[in-house]
Each structure stands twice: as structure tokens, then as C-alpha cells.
Amino acid sequence: MEQPLADSRLMEASAGAFSVLLLAFGALVIAVLGAAQRLGLLSRLVHTVDTASIQHGGESVAAVLRAHGVRFLFTLVGGHISPLLVACEKLGIRVVDTRHEVTAVFAADAVARLTGTLGVAAVTAGPGLTNTVTAVKNAQIAQSPVLLLGGAAGTLLQNRGALQAIDQMSLFRPLCKFCASVQRVRDIVPTLRAAAAAAQSGTPGPVFVELPIDVLYPYFIVRKEVVPAMPPKGLMGRVVSWYLENHLANLFAGAWEPQPEGPLPLDIPQASAQQVQRCVEILSRAKRPLILLGSQALLPPIPADKLRAAVETLGVPCFLGGMARGLLGRNHPLHIRQNRSAALKKADVVLLAGIICDFRLSYGRVLSRSSKIIIVNRNRKDMLINSDIFWKPQEAVRGDVGSFMVKLVEGLEGQTWASDWAEELREADRQKEQTFREKALMPAAQHLNPVRVLQLVEETLPDNSILVVDGGDFVGTAAHLVQPRGPLRWLDPGAFGTLGVGAGFALGAKLCRPDAEVWCLFGDGAFGYSLIEFDTFVRHKIPVMALIGNDAGWTQISREQVPCLGSNVACGLAYTDYHKAAMGLGAQGLLLSRQNEDQVVKVLRDAQQQCRDGHPVVVNILIGRTDFRDGSIAV
């Protein structure tokens, strides 16, 4: 009995040892395969390296942009990104270089807003990218589909002290919907396609693609930089040489294999039929309905003319904000412009269409507790901000705003509301505008009355104009007095309240709409950010017209700082000759002051004519202080 038992134990031990060896062998195989995968040895079984090709990754970038209908690339040149700039130019994409990277992104943002498609900017590594942070954050809050392409140090030189090398991905992840760093040339096309789709899907926003320098340049140049001309001696030298050769091969393996370059399908959320029907029922019982339309309403796929028709058919009085300004044209009977807070308190049903309850609606406190609130937005988190604190929605609908409005009108076909409600709101408008006319007649202590100047701007503004606004007090006054003539003809920074958007927005707007007159309304403080870009306008023959409300100060801040804190510290500027500075950059410059206050319209007409003749123009308007915006706050 003992011998069979011993044999059995020996067999069990042998089997156990075999299992251990098998596991060890399996682990070794897995480790070897993992190492081979990391070193790219497996992918090279599928993809070949064309060492004779003179193609480069910049051509792949340009091909994808062209396939997505991109017409303009905004940039400030840098060696990291030169190949993609040259390639875009060769494919007919207009490359427009600015004097500051932030302007390039603002210009791309304007293109995105006005076209409903992708706006694209490309900047060099390190400080080139950090200079864009404000504009990228502005695009995120404004929900603009902007693609930012950033140069970077070579893939082998990351974290090794290369020129302008920083952790760019960590910087942009909080700002962008999609961030990716391309590590191989063949990954350029699919990465850019995914980025473009992410930018325009769901709630639109900026995306960032990092393009290291060695994925953009051709093989022969990269090889010269990566692989030493004289291979190092010794075993370690041969190992290093093999590693560098292998890395180079992985960079370019399959680089020029054909790939689809066109747009991927977009994911645009839509309201359910049941939600639309519940909203139809709420609105059908309203006596005093009110609509607030925001920028999201102007996003594709519903075109502006179809949205306008839906709003007119619905027949509900509305306030327009953001990119929805101008949707109904000038002086439309349904468009209420003044006394929004009072109107919201009186309404029994309020539809917030692409509007959220942030500081612009006093975090929801401006809404009446007795009102039924319907809110529609692509972004559920934004849609419910501050709910159950200061306000509560009856219906919260996640979906595309324009599509929802069209479906709502179909459900309410034939529905009408008593005309006395709209007439009550219009009468309040007329009374408020009468106070504006009275304030316009009051002389300022010095220089020109800004209210009167802006009234004359409103009278002079042509139907084909696009308004770009950048500033505080002067622009805040203009928002009450100057009306965009149609949809997608008003560009402001949005909820971030960024100063410095003016030149970039004007650049993008004029390129998108070359037949439009681009009028930029600047505060003198804000114009300081944009002045140098008149060099850009001159070089690229971009005729835009800047009107500067020059009151020698950061007046929106001083309005509350002085009475609250008793000091005007840091709020004072000078009545600078901005028109002469613009002339020094090659633009045309005009001055408006008390000496020619009876010539305001003539000077504006002269500026228009100079723009039509192809010149960018700066009109420096010396204005005084008024009490028009007393009580307004800057925080």
C-alpha cells in the first residue's frame, strides 16, 4: 500500500511543478508580448514603414480639416507646427496669422458661432498654448465647437527638459471636452476625426489635440534628429541605437495607409415625444407665457430662419440673449427688449430655451415661485443649476433647443394668446425707451454723451452689419440701444465676460461674412487688448470698423468701487489717441469729440466708406460720464 501511495504523491508533485512551470511560462509569454506591444513590434507585423516618402504629418492634418469643410486656420507661427500650416495653405485652407495666440482662438470661436461648424486654431508648444487658455475657457462656457491644435516637444523628449515642453494635457483637460496627444503619424487622422465629432456633439465645446513635432515632420528630417549619424559603440550603445531605430519605425509605421478623413456622425440629443407633449399641455393653459431664447437655440441642425418662423408662429413674447439676439430682426412686435425682471415676475409660464439660471437670471431668484417653468437645454447639469434653491422646473427637457421649438409649435398649432399681455410688455418697452431718449438729450460734463452717440450708431447701422462687442460700461449701454439686424449678427463673449474678444471675433466674422460690415463696439479698456491686431487686419486685408467709447477709465468698475470703497485706484486711463496708434499700424483713424459733435453721423459714414474701400478703421470717440448705468454691478 505504501508504494502506490508514494507514486501517487510523486505524480501530484510532478503535476504541481508542471502547473507552476506552465504558469511561469504563460506569464513570461504575456510579459514578452506586452513588451513587444509597448515597443510596437506587433503593430509592425501589420504596418510597414516607407522610409523613402517625403510626406509628413502636417499633410494628414490638412487633409482631415479640408474633409471637414474647414476654410480658415488661425495661428501664430512656431517651428513646432510649421508643417501643418504649410500643408493647409497647399490644400487651399486660408492660414491667418495673428499677433497673439488668444486672438487666433477667439477668431476660431467666431467662425464656429457664425457657421455652426468647427472653428480651428493652431499654436506652438508651451507659451503658445498657455496664451490661449482664456479663449479656450471662454469657448467652453459659451459652448463653441473649437478645435485647438497644439505643437509639442518630440515624443522621445517629453519630461526631459526640451524647449517649451510642459504638461499640456493636464492644462487643457479641465477646459476641453476631448483631449488627446498623437503618438504615431497614422493616429493623426482618426484622432482629429474623433475630436471634431466630440466638439460638435451633445453640448458643443472646445477640444484639444496635441501634435508632437516628430509626428508632423517627414521621416528623413525626424531620422536625422532622432538617430545618431555615428552609432554609439559597445553593448549599451547598440541597445540604445536599436531602441531609437525601433521608436522611429513605430512613429512612421503605416503612416500613409489610406484612411477615411471625413466627418463622423454627430450625437445631438433630442427631446422625447412625451416631454414635448407635456410642455404643449402646460403652454396651452398659459395666460401670460414668456420665452427666453439663448445661444443654444441657434445651434445646428435647425437653421435660424426655421427657428424664427417657429417663434413667430408660436406668437409668444420673447427675450433674446447671446447668439439669439437679432433672431427676429429689428423692432419685431414679439421681441421684448427691456424690463425683463418685471416681465418674468408677471408671467405664468416661462420657457427657458437655451438659457440657464446663473448670475444672468440672479441664479433663478428673478423667476416667480408661482410661474410654471419649462427649461430646455442640451446639458443636464447646466439645465438644473440652482434648482430647488431659488427655483424649480415644472419640466426639464434635455435636448436640442431649436428642434424642441419646432416640435412645440407643431403641437400647439392654432393656439393663440390674448394680445393684451404682449401689448403690456411692449408698453413697458416704450416707456423705458422714452427715458433713454431723455438721457440722450442731457449733455455730459465733458466730451460726448455716449447714449446719444449710440443712438446715432443705431440709426446708421446697415442691415448687413455684424456687431462685435467688447467692453464694460460702453458695451453695456450699447446692449440697450443698438439692435442687431438679423440672426447670427451679434457676437459677445458670453457668460465668462471676457475682455479682449473683439479683434478675434471681428477677424472671424469678416472672413465668414465678407459681404457684411463688421462694426466693433469697444470700451477703451477692452480696446487695449485688440489694438495690435490692426496690424493683422492690414496685412490680411480685413476691413473692419472699430468704434471706441473712450472715457479714459475702467468705468464699469469705478461706478461701484468709488461709491462703495471711496477710491478710484487702478480705474483711471487716459484719453489716448487710439486712432493715431491704429494709423501707425497702417489702418485708418478718425476722431469724434465735442469739437465735431454735430458730425457724428458724417464721421460714421466716412468710416463706412473707408471700410468699403478695403481699409480697417478705428473711430476714437471721446465720451463723458452719464448716470445711464448707475446701479449696474461688475461682479
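The rules behind each value
- Residues numbered from 1 in each chain as written.
- Predicted model: local features only at pLDDT ≥ 70, side-chain atom pairs only at ≥ 80, totals over all residues.
- Heavy atoms only, no water.
- UniProt positions renumbered as here; feature names shortened; annotations may be inferred.
- Pairing = 2+ DSSP bridges.
- Helix = DSSP H or I, 4+ residues; strand = E, 2+ residues; numbered from the N terminus.
- Right-handed = clockwise from strand over helix to strand, strands pointing away.
- Axes fitted to C-alpha atoms, helices over the stretch in contact; angles between N-to-C directions.
- Patch = residues over 30% accessible without salt bridge, like charges linked within 9 Å, V, L, I, M, F, W, Y side chains within 5 Å.
- Areas by Shrake-Rupley, 256 points an atom, 1.4 Å probe, with all protein chains shown as cover.
- Salt bridge = Lys/Arg side-chain N within 4 Å of Asp/Glu carboxyl O.
- Contact = heavy atoms within 4.5 Å.

- By the naming in an unreviewed UniProt entry, the protein chain is 2-hydroxyacyl-CoA lyase 2, taken from Equus asinus.
- Entered under Sequence similarities (unreviewed entry) in the UniProt record, the comment concerning the protein chain runs "Belongs to the TPP enzyme family."

**Re the pairing of strand β2 (residues 94–97)**
- Two elements, strand β1 (residues 72–76) and β2, share four bridges in a ladder whose sense is parallel. Within β2, the position partnered with L73 by the bridge is V95.
- Regarding the hand of the β-α-β motif, the stretch spanning β1, helix α3 (residues 82–90) and β2 is right-handed.

**Considerations on the UniProt feature "domain: Thiamine pyrophosphate enzyme TPP-binding" (unreviewed entry) in the protein chain**
- Here, UniProt's "domain: Thiamine pyrophosphate enzyme TPP-binding" (unreviewed entry) annotation points to residues 470–621.
- The straight-line gap between the two end C-alpha atoms of residues 470–621 is 15 Å; of that span, 43% is helix and 17% is strand.

**Focus on the sheet that holds strand β11 (residues 395–398)**
- An order of β8-β7-β9-β10-β11 is seen for the five strands of this open sheet, with the pairing classed as parallel. Lying at the two open borders of the sheet, with one neighbouring strand each, are β8 (318–320) and β11. Within this sheet the neighbouring strands show an average axis-to-axis angle of 10 degrees, counted without direction.
- Relative to strand β9 (residues 349–353), strand β7 (residues 289–293) runs parallel, the two sharing five bridges. Its bridge partner being in β9, L290 is matched across the sheet by V350.

**Digging into a nonpolar patch on the surface**
- Together, L235, M236, V239 and V240 make up a nonpolar patch on the protein surface, roughly 400 Å² of accessible area in all.
- Among the structural elements, V239 can be located in helix α11 (residues 234–252).

**Considering the sheet that holds β1**
- With parallel pairing, the six strands of this open sheet are ordered in space as β2-β1-β3-β4-β6-β5. Edge positions in the sheet fall to β2 and β5 (178–181), since each has one partner strand and no second. In this sheet, neighbouring strand axes are inclined to one another by 20 degrees on average, regardless of whether the strands run parallel or antiparallel.
- In this structure, β1 lies alongside strand β3 (residues 119–123), joined through three bridges in parallel fashion. By the bridge assignment, L76 is partnered in β3 with V123.
- Most of the contacts of helix α8 (residues 188–200) go to strand β6 (residues 207–212), to which it runs at about 165 degrees, and overall it touches β4 (146–152), β5 and β6.
- Relative to β1, helix α20 (residues 502–512) is tilted by about 155 degrees, and along the sheet it contacts β1 and β2.

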